[in-house]
Amino acid sequence: ELRCGADGKLVGATYSDHGHVIIGGVFSPQAHDESRGTSPAGLGQPGRVSVDATSGLTFQGEHEYAGECARREANGHDSGMGEIFRRAAAVSPIKPLPVRRLRSS
């Protein structure tokens, strides 16, 4: 449960190393296990649960929702919690840092 603290910060929220509220974790699956419900890219079936073959983590791939996301965007994000999160995020936008190149040794 979240609530506003006296200092204006969200009490009960998880914060990143740079002080931004973390709403949800993101990871990139290494390999898909076809036998456990994974859809090849481009064949969207919203709600399908896939399994990362390396870690065993279950996930729903973003490509599953591409058609639904395009429809919602075309209609001005007219339903669901997405618009609420978009508005909440706009209160304190994250400004990306410049990309730093690593020197090759």
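Residues numbered from 1 in each chain as written. Predicted model: local features only at pLDDT ≥ 70, side-chain atom pairs only at ≥ 80, totals over all residues. Heavy atoms only, no water.

*Asks:* Would you mind showing me how to read the overall build of the protein here?
*Replies:* A tally of regular secondary structure across the protein gives two helices and four strands. Counted from the first residue to the last, the protein has its helices and strands arranged as β-β-β-β-α-α. The burial tally for the protein puts 11% of its 105 residues in the buried class. Partitioning the contacts of the protein with sequence separation of at least 6, the portion at a separation of at least 24 is 11%. Counting every atom, the protein has about 8,800 Å² of accessible surface; 55% of that belongs to carbon and sulfur. (Helix = DSSP H or I, 4+ residues; strand = E, 2+ residues; numbered from the N terminus. Buried < 20%, exposed > 50% of the residue type's maximum accessible area, 1.4 Å probe, protein only. Contact = heavy atoms within 4.5 Å. Areas by Shrake-Rupley, 256 points an atom, 1.4 Å probe, with all protein chains shown as cover.)

*Asks:* Help me understand the packing of aromatic side chains in this model?
*Replies:* Ring pairs (aromatic) are described by centroid distance and by the angle formed between their planes. On inspection of all chains with the given rule, the structure shows zero aromatic pairs. Just above the ring of Tyr15 sits the side chain of Lys9; from NZ or CZ to the centre is 4.2 Å. (Phe/Tyr/Trp six-rings, centres within 6.5 Å; stacked < 30°, edge-to-face > 60°. Lys NZ or Arg CZ within 6 Å of the ring centre and 35° of its normal.)

*Asks:* Explanation requested: the confidence of the model for the protein in the structure shown.
*Replies:* If pLDDT is low for a region, its predicted coordinates should not be looked at in detail. Mean pLDDT over the protein stands at 75; residues scoring 70 or higher make up 81%. With pLDDT under 50 throughout, residues 35-39 is counted as low confidence; its partners more than four residues away or in other chains account for 16 contacts. (pLDDT = per-residue confidence, 0-100.)

*Asks:* Would you mind going over the side chain of Asp52 with me for this structure?
*Replies:* Within the secondary structure, Asp52 sits in the loop between strand 3 (50-51) and strand 4 (58-59). In this structure the side chain of Asp52 is engaged in a polar contact, spanning 3.2 Å, whose partner is the backbone nitrogen of Thr54. From its side chain, Asp52 meets the backbone nitrogen of Ser55 in a polar contact 2.6 Å long. (Polar contact = N/O pair within 3.5 Å; in protein donor to acceptor, adjacent residues only side chain to side chain.)

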